[in-house]
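Analysis of the macromolecular model
One-letter residues, chain by chain:
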Amino acid sequence: MEIKYLKSLQNYPVINGFKSKGVPESKIEQTEQQLGIKFPKAYKEYLFLAGELNDGLFGNAIEDNLSWAVEDFQQDAKEELARTGVSLGKPFWVFTSMDSCEQFDYFYLNESDNPVVYAWCAYDVNETSQHSGLPKGVRKLYNSFSEYVDACIEGHKKGMM
């Protein structure tokens, strides 16, 4: 796979002393077909480079394993959103989660090849949103998925994660 957006991850394959392990392109394509969705290019690059094992690239999140993400992240997030009465309004993909999906980071599918990253938090649902136009409990984290990954890598380099 040609890497366009996540060159920093390609050049930083060891995280917390462990070499990242990617998902084969064929498995990524198979997952897309099974789910009837198309992942953004930047996320496919992440999966290809470190989607099977990234040893905490995204901080305190549950390890990102594609099979696990398909089975549990998405369902848990949908249940938590339903419990709190929140709709994100369009198809989304959760790629990291904490507290049984009471907090998760996601992007919208079909938005761009390098989508904006948002965070949702159940604890913020009842607060007045300062983020005009976003669903309750949502805040924009980064302008792109690659910016998010770069920030995580920088955090690891500085020993902050």
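Taken as a class, soluble globular proteins show a tendency for nonpolar side chains to be buried jointly. L6, L9, Y43, Y46, F95 and F145 are the most contacted members of the largest nonpolar core, which has 24 residues in total. Elements with a minimum of two residues in this core: α3 (41–50), β3 (92–98) and α5 (145–157). It is α3 that provides the largest number of residues to this core, a total of six residues. Listed in part, the 17 residues of the second largest apolar core include L81, L88, C101 and V138.

Here we come to the environment of V14. When you line up the elements, V14 lands in strand β1 (residues 14–15). The class for V14 is partly exposed, based on a relative accessible area of 42%. Spatially, the C-alpha atoms of V14 and A50 are 9.8 Å apart, while their sequence positions differ by 36 residues.

Right, let's talk about the side chain of E45 for a bit. Relative to the assigned elements, E45 resides in helix α3. Reaching out from E45, the side chain makes a polar contact with the backbone nitrogen of K4 at a distance of 2.8 Å. In this structure E45 touches M1, E2, I3, K4, Y5 and L6, once residues within four positions along its chain are discounted.

Moving on, we come to the packing of helix α2 (residues 25–35) against α3. It is the contact of α2 with α3, at a shortest axis distance of 9 Å, that shows an interaxial angle of 135°. Considered as vectors, α2 and α3 are oriented oblique to each other. In the packing of α2 onto α3, the handedness of the crossing is right-handed. Contact residues: E25, I28 and E32 in α2; K44, L47 and F48 in α3. Within the contact of α2 with α3, the residues separate by chemical class into three nonpolar, no polar and three charged.

What counts, and where the lines are drawn
- Residues numbered from 1 in each chain as written.
- Predicted model: local features only at pLDDT ≥ 70, side-chain atom pairs only at ≥ 80, totals over all residues.
- Heavy atoms only, no water.
- Core = buried A, V, L, I, M, F, W, Y, C linked by side-chain atoms within 4.5 Å.
- Buried < 20%, exposed > 50% of the residue type's maximum accessible area, 1.4 Å probe, protein only.
- Helix = DSSP H or I, 4+ residues; strand = E, 2+ residues; numbered from the N terminus.
- Polar contact = N/O pair within 3.5 Å; in protein donor to acceptor, adjacent residues only side chain to side chain.
- Contact = heavy atoms within 4.5 Å.
- Axes fitted to C-alpha atoms, helices over the stretch in contact; angles between N-to-C directions.
- Parallel < 35°, antiparallel > 145°, perpendicular 65-115°, else oblique.
- Left-handed = near helix turned anticlockwise from the far one by under 90°.
- Nonpolar A, V, L, I, M, F, W, Y, C, P; charged D, E, K, R; others polar.

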